[in-house]
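Structural characterization, general
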Amino acid sequence: MKYSERVTAMQSSPIRKLVPYALDAKAKGIKVYHLNIGQPDIKTPTGFFDAIKNFDSNVLEYAVSNGIPELIKALQDYYTTYDMHFDSDEILVTNGGSEALLFTMMATCDPGDNLLVPEPFYTNYNGFGQCVNIEVNPITTKAEDGFHLPSKEKICSLINPKTKGILLSNPGNPTGAVYTKDEVYMIAQIAIENNLWIIADEVYREFVYDGLDYTSFGNIKEIEDRVIIIDSVSKRYSACGARIGSIACKNKGLMAEILKLCQGRLCVATLEQIGSVELYKTPVSYFKEVNEEYKHRRDVLYNELMKVDGVVCEKPTGAFYIVAKLPVKNAEDFVIWMLKEFNKDGETVMVCPAEGFYATPGLGRDEIRLAYILNESDLYKAATILKEGLEQYVALTKKPQISPVEA
């Protein structure tokens, strides 16, 4: 039997494809610290669970396709705190940010069209694009520059007649970069001059450190008809399993088209929507405490990583990820070696090879992404284990022998 070209063309998740190596290590009694996936250990606000426990109905009915009114209102109120004002028909609730991205791609691009995306990027941008026959054309950014954007001229040179928009996350996953106000306005100007959509993945909006100012694409009046904001409760409220995302856009015509897709999948889970209403009522003090915690974790991991000769990495200023260029030829080999061959007192670390976050062949092969989502004690252990493992691996690969993974 033949499988579709659509599904066979999709890449495996670089975040999850090495999980069998971690499972094998655990089966041998090795403790594995997971820095490979953005699953926070921050406590989910209790209001989410209380709302679900207090739900009382004889029938669990379909919700309306665009999202329950209470959650739409909660999202409107949330955006108002950022001086963004949406009517109720300018917000759609989705099954996580993933469905929001997929529906937005489907509504803005035809098969064969392309979106410009700064690389490295959230790997599912490429996966979703492949699923609906949309090309992801990379805007290459570099570790040495803190993964900030290249010049306007460079970006414009990548635009062709099939380019329909620019998709970017801010703060960035996997880079942790926070775009400056000048960078945001540069993208806005490019979109106006070339009649492009801006798909703004802002799910890490609250996670900005070191006193930096944050500029949302939703705050630029001149582009409000072409900005599509992707959002989610997953990381903001440490509620990844709720699978509640959203699309917000002032272009009512586009939102009416995306609503057709929402109607086709019927609805988003009712109970999770009810719980998420309470998440959006979480006090601002929650974010202040969480930000301080993540900033501290970032510093712990970054400081240990930078003790290794040859590591190239600018300190990230947002989200909870670090992308680091290592003094190795193949980071995936290093990740596998850490799980198969190395442990310190029965413990090792799993990180994520970064090559899968790039569209340009060959880029990211010597880079890893790390998520600083563990508590301080575990993170410090993981960081020291990673540092020692990397030092040993580098020493091994300098010897005239075959790859440590093949040995």
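For the structure, check the block above.
Residues numbered from 1 in each chain as written. Predicted model: local features only at pLDDT ≥ 70, side-chain atom pairs only at ≥ 80, totals over all residues. Heavy atoms only, no water.

Now for the layout of surface pockets. When its volume is computed, the largest pocket comes out at roughly 530 Å³. What lines the largest pocket is a set of 23 residues, and nearest its centre among them are S98, Y122, N124, K235 and R243. Mapped onto the lining of the largest pocket, the elements with two or more residues apiece are α5 (96–108) and α6 (123–131). Per-element accounting of the lining of the largest pocket gives the leading share, 3 residues, to α5. Taken together, the residues of the lining of the largest pocket sort by class into 8 nonpolar, 10 polar and 5 charged. Volume-wise, the second largest pocket comes out at about 310 Å³. For the lining of the second largest pocket, the secondary structure elements donating two or more residues are α4 (69–80) and α11 (284–305). Taken together, the residues of the lining of the second largest pocket sort by class into 7 nonpolar, 3 polar and 4 charged. (1 Å grid on protein atoms, 1.4 Å probe; cavity = no way out; pocket = protein on both sides within 12 Å on 5 of 7 lines; lining within 4 Å. Points joined across faces, edges and corners; volume = space filled by probe spheres on them. Helix = DSSP H or I, 4+ residues; strand = E, 2+ residues; numbered from the N terminus. Nonpolar A, V, L, I, M, F, W, Y, C, P; charged D, E, K, R; others polar.)

So, about the state of the cysteines. Inspection of every chain in the model, using the stated rule, returns 0 disulfides. The thiol of C156 is unpaired, and the distance to the nearest cysteine sulfur, on C109, comes to 18 Å. On the basis of relative accessible area, C156 is assigned to the partly exposed category, the value being 24%. A disulfide-free cysteine, C240 has its sulfur positioned 15 Å from the sulfur of C352, the nearest such atom. Residue class for C240 comes out buried when judged on its relative accessible area of 14%. (Disulfide = S-S within 2.5 Å. Buried < 20%, exposed > 50% of the residue type's maximum accessible area, 1.4 Å probe, protein only.)

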